[in-house]
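Architecture and fold: a report
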Amino acid sequence: MLTFFKYRFKSLISEKSLMFWSLLFPIILVSFFYLVFSNIGKENIFDTFNVAIVGNKENQLIKTMDEVKYDDIKTFELQYLTKEDSLNLLNQKKIAGIVEIKNNDEYELIINDNGSKQLILEEFLSNYQQKELLINDVLKNNPELLTTNWLETLTFSKDNVSNKSLSEKSNNEMIISFYTVIALSCFMSSFISANGISTIQANISKQGARLSVSPYHKRKIIIIDFIASLLIIISSVITLLIYMNFILKIEFGNHLGPILIICFVGSLVSTAFGYFLSLLFKKKEGLTIAMIIAMTMSWSFLAGMMGPSIKYIIESNLPFMKYLNPVALITDSFYTLYYYDSFAMCLPYLGALIVMFIVFITGAIMFLRGDQYDSI
Amino acid sequence: MIVFKTYYKVIFRNKMQIFINLFICLFISIFFATSNNEANSFDRSNFKNINVGYVYKDKSIKNTGLVEYLEQTFTLKEISDDDIKINDALFYRSVDYVILINADSYESYQVPNSSAGYIVKNYLNNYLNTYHSYETAKIGGDSKIATLTLKNLKTTTKVINYQSDDNIKIKNMGKFFNMYVYSLLGCVIVAISLVMVTFNNNHVFERTIVSSMNVRKRNLLIYLGHALFGIFTWLLMSIASVVYFKEQSLSIQHLMLLINSFIFVFPVTALAFMISQLIKRYTIIGAVNNVVTLGMSFISGAFIPQALLGGIVIKIASFTPAYWFVLNNDRIIELSSFDFSNLFQPILIQIAFGIAFIAIGLAFAKLKNTTTLK
């Protein structure tokens, strides 16, 4: 039994190109992710931006706009232009907006985009008008205030809301994309089991034909092949985890045992998935490959790999969908474990993964049962 | 002609897997291009999509006014004062921001780096600072101050927005065309690799190189097969763009996006030709396809806008044709006049990449022939 396991294992790892890509592909992919995501959220949306002013530039609003700073960086770079010139620049997206001053106390904002700069500009102008109204309101009701220092005590930039955090862990949704790569890596490794099962079938490979006439029981052959494939898939996933944790410094929390359990269950489903598809499309290797790619990519997309917002769109509109998506289940297992610091929270996901494993493996057994050959 | 015929025989034999892949790529592209994401979260018309959870610990007149004010802009959801429930609400994003309304203080929980958090907090502070200003002026009781604050905050600057619904749809169309990096590359690499596994099969390959056909002619015919398949894929995707964005179809931006994406077919098929020279096994197609398509899509700005990518990423990406394709798409959707001068350089760079990939692919093929003959 041990000797047979040794040969199966050797036979699987002798597929050098397959092994190379199974180990290397997730590492390359996660490095791309790291390059891209490490910069997101660091960009400064408060850089100075250009605003055209049409009308009286001696207006108090314009003077205030010229002085506004955030983190010592000037917010607005004002350009005094005619309406025609400013509209031209607006069309070329060279300015964020046009502030038109009419009758000295009426302002109008002209924009042609709905980005952060336009929102900052709009909020600034509205706030300015609100403050003007406030001062008028107050002085109308209580004119004596003019003789006090009330105006100087006014503050509009005070932050009244303190930020709190319920978890010590960052609820950073970018981490979801990294976790989807682990799940994707698990499922892309199902090529190994798909390749493995096809080589032990008598009607597909010569090796399989020789095995079928050997004294080994077919059930034993399949179990040993399953264990060998599973071992290789788990090894490639763990190599990826080590790379992500120690080289890229991506957080997983301090739960080595549960992390290994998630990897084990994920690899189990992936191995069974490879078996299932390979046996479903017997002799059609190209179709098996295309199905593995298509299904894994759709699952990864819906789990939030290309953008975590997709995951939340699915979560809020079709919450049951994630229980049909093994990549989302593995991703959510890692994320809940990391965020809640509790293994119990990811048990429902692991339960759903085990149900999937049972479905795939039962399907595979159904396809394998009763295969007998009079001649090959 | 025999090479060409064989090529399409192999394509036809693999029609099912090519169709599945094409369907998935189209589904992902359309879903991604039309889904609501961070890029348009600063649009005021989307503020009602921001869910704000609040824990109402103190129902004073001031705080009732605050809730009324926030309700005018955002979607409010009352949450019980339970840490687990607040945590769950933020984890599953049923809310984007949670505010704890106490008697004298206000605390918030939010998703890091979220624009929604920044916007809601700005609104909260605006109300509280305005209320405080009226309060210090001592012009009436709480009720009067709350009424004046709410009335004051209704004052907004008149905004004329030239951005029409059409512009928003054109932006979505730009996102759809940016997704060509993923879909076109994904479809073409998988299909071409499936075909080339057959052509690169040792027995077939050995028989071919001893035939009377010139090797260079054979490779060029194979590339012609790739190019025609690439154009066919492009055509299907472009028909999808016409059907999906029917109101904007054949607008100047749409036509320019079509031209740019047609040019992009050349470097894509050339890249697939180069890669396919190295693929001999079905089983590695998935890994190669994912590394190339996902890697290129991420760094070129197909999934995440180029403006959000770091300097190093942009530098690396500029060594790929996908970066120049996305750059041109972004320029096209911003086009306001018939000034196409800055679109030519990225187009020429894409063509140069295509030529380089073919040259490398032919060099690989020559090396393989020599090695096999030895």
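Since this is a predicted model, take the numbers as computed values, not measurements.

Examining the overall build of chain A
Of the regular secondary structure elements, chain A holds 15 helices and seven strands. Against the 2.2 N^0.38 benchmark of 21 Å for 376 residues, chain A shows a C-alpha radius of gyration of 31 Å, more extended than a compact globule. Along the three orthogonal principal directions, the C-alpha set of chain A runs to about 105 × 45 × 35 Å. In chain A, buried positions account for 54% of the 376 residues. Positive and negative charge centroids in chain A, built from 31 and 33 side chains respectively, lie 21 Å apart.

A closer look at empty space enclosed by the protein
All names here are of chain A. Inspection of every chain in the model, using the stated rule, returns four cavities of 30 Å³ or more. Approximately 110 Å³ is the volume attributed to the largest cavity. Those elements that provide at least two residues to the lining of the largest cavity are helix 12 (285–303), helix 13 (308–317) and helix 14 (326–340). If you tally residues by element for the lining of the largest cavity, the top one is helix 13, at three residues.

Quick notes on a nonpolar patch on the surface
Together, Phe232, Leu235, Leu236, Ile239 and Val243 of chain B make up a nonpolar patch on the protein surface, roughly 440 Å² of accessible area in all. Examined against the element boundaries, Phe232 of chain B turns out to sit in helix 10 (residues 215–244).

Description of the interface of chain B and chain A
Each partner contributes to the interface: chain B provides 93 residues, whereas chain A provides 99 residues. Interface of chain B and chain A: buried area, both sides summed, is about 8,700 Å²; carbon and sulfur atoms make up 62% of it. Joining chain B to chain A, the criterion identifies two salt bridges. Asp159 of chain A serves as the salt-bridge partner of Lys121 of chain B, at 3.1 Å between the closest nitrogen and oxygen. If you look at where chain B meets chain A, you find 26 residue pairs in polar contact (both at pLDDT 80 or more). Looking at the side of chain B that touches chain A residue by residue, the classes come out as 51 nonpolar, 29 polar and 13 charged.

Observations concerning the environment of Tyr312 of chain A
Of note, Tyr312 of chain A is situated in helix 13. A sequence separation of ten residues divides Tyr312 of chain A from Leu302 of chain A, and the C-alpha atoms of the two residues are 9.3 Å apart.

What about the sheet that holds strand 4 (residues 76–80) of chain A?
In a beta sheet, neighbouring strands are held together by backbone hydrogen bonds and run either parallel or antiparallel to one another. The strand order 4(A)-1(A)-5(A)-6(A)-5(B) describes an open sheet built from five strands, whose pairing is mixed. Looking at the sheet topology across the chains shown, the edges are occupied by strand 4 of chain A together with strand 5 (158–161) of chain B. This sheet shows a mean twist of 25° between the axes of neighbouring strands, independent of strand direction. Two elements, strand 6 (residues 106–111) of chain A and strand 5 of chain B, share four bridges in a ladder whose sense is parallel. Its bridge partner lying in strand 5 of chain B, Leu109 of chain A is registered against Val159 of chain B. Here helix 4 (residues 83–91) of chain A sits on the sheet and contacts strand 1 (49–54), strand 4, strand 5 (97–102) and strand 6 of chain A; the angle it forms with strand 5 of chain A, its principal contact strand, is near 160°.

What to know about the confidence of the model for chain A
In this model, chain A carries an average pLDDT of 82, and 93% of its residues clear a pLDDT of 70 or more. For chain A, helix 6 (residues 150–153) of chain A is the element with the lowest average pLDDT, namely 72, and helix 15 (residues 347–368) of chain A is the one with the highest, namely 90.

Description of the layout of surface pockets
Taken as a whole, the second largest pocket holds about 790 Å³ of empty space. Along the walls of the second largest pocket sit 33 residues, with Glu285 and Gly286 of chain A together with Val197, Asn201 and Tyr282 of chain B positioned nearest its centre. Its residues placed into classes, the lining of the second largest pocket shows nine nonpolar, 16 polar and eight charged.

Structural notes on the packing of helix 8 (residues 190–199) of chain A against helix 12 of chain A
Residues and elements named next belong to chain A. At a minimum axis distance of 11 Å, the contact between helix 8 and helix 12 shows a crossing angle of 160°. The pairing of helix 8 with helix 12 is recorded here as roughly antiparallel in orientation. As helix 8 packs across helix 12, the resulting crossing turns out to be right-handed. For the pair formed by helix 8 and helix 12, the contact residues are Ser190, Phe191, Ala194 and Asn195 on the first element and Glu285, Thr288, Ile289, Ile292 and Ile293 on the second. Classifying every residue of the contact of helix 8 with helix 12 by side-chain character gives five nonpolar, three polar and one charged.

So, the packing of aromatic side chains
Going through the model one piece at a time under the given rule, you end up with 50 aromatic pairs over all chains. A connected cluster of aromatic rings, assembled from ring pairs, spans Phe33, Phe178 and Phe301 of chain A together with Phe27, Phe31, Phe32, Tyr182, Phe298 and Phe303 of chain B. Stacked on the ring of Tyr7 of chain A, the Lys or Arg Lys6 of chain A has its end atom at 5.8 Å from the ring centre. A cation over a ring is seen here: Lys311 of chain A above Tyr312 of chain A, with NZ or CZ 5.8 Å from the ring centre.

Overview of the environment of Arg8 of chain A
All names here are of chain A. Structurally, the position occupied by Arg8 is in helix 1 (residues 2–13). Look at Arg8 and you get buried, because its relative accessible area is 2%. A C-alpha to C-alpha distance of 9.6 Å links Arg8 and Ile200, two positions 192 residues apart in sequence. The contacts of Arg8, once residues within four sequence positions are left out, are Gly196, Thr199, Ile200, Gln207, Ile224, Asp225 and Ala228.

Considerations on the sheet that holds strand 1 (residues 51–56) of chain B
Spatial ordering of the open sheet is given by 7(A)-4(B)-3(B)-1(B)-2(B), a layout of five strands whose pairing is mixed. One side of each edge strand has no neighbouring strand; the edge strands of this open sheet are strand 7 (161–163) of chain A together with strand 2 (75–78) of chain B. With strand direction ignored, the average angle separating the axes of adjacent strands in the sheet is 30°. Relative to strand 3 (residues 97–101) of chain B, strand 1 of chain B runs parallel, the two sharing five bridges. Looking at strand 3 of chain B, one finds that Val55 of chain B is bridged to Leu100 of chain B.

Reading the values: rules and limits
- Residues numbered from 1 in each chain as written.
- Chains lettered and ligands numbered in written order.
- Predicted model: local features only at pLDDT ≥ 70, side-chain atom pairs only at ≥ 80, totals over all residues.
- Heavy atoms only, no water.
- Helix = DSSP H or I, 4+ residues; strand = E, 2+ residues; numbered from the N terminus.
- Rg over C-alpha atoms; globule rule 2.2 N^0.38 Å.
- Buried < 20%, exposed > 50% of the residue type's maximum accessible area, 1.4 Å probe, protein only.
- Lys, Arg positive; Asp, Glu negative; His and termini not counted.
- Charge placed at Lys NZ, Arg CZ, Asp CG, Glu CD.
- 1 Å grid on protein atoms, 1.4 Å probe; cavity = no way out; pocket = protein on both sides within 12 Å on 5 of 7 lines; lining within 4 Å.
- Points joined across faces, edges and corners; volume = space filled by probe spheres on them.
- Patch = residues over 30% accessible without salt bridge, like charges linked within 9 Å, V, L, I, M, F, W, Y side chains within 5 Å.
- Areas by Shrake-Rupley, 256 points an atom, 1.4 Å probe, with all protein chains shown as cover.
- Salt bridge = Lys/Arg side-chain N within 4 Å of Asp/Glu carboxyl O.
- Contact = heavy atoms within 4.5 Å.
- Buried area = accessible area lost by both parts, 1.4 Å probe.
- Polar contact = N/O pair within 3.5 Å; in protein donor to acceptor, adjacent residues only side chain to side chain.
- Nonpolar A, V, L, I, M, F, W, Y, C, P; charged D, E, K, R; others polar.
- Pairing = 2+ DSSP bridges.
- Axes fitted to C-alpha atoms, helices over the stretch in contact; angles between N-to-C directions.
- pLDDT = per-residue confidence, 0-100.
- Parallel < 35°, antiparallel > 145°, perpendicular 65-115°, else oblique.
- Left-handed = near helix turned anticlockwise from the far one by under 90°.
- Phe/Tyr/Trp six-rings, centres within 6.5 Å; stacked < 30°, edge-to-face > 60°.
- Lys NZ or Arg CZ within 6 Å of the ring centre and 35° of its normal.

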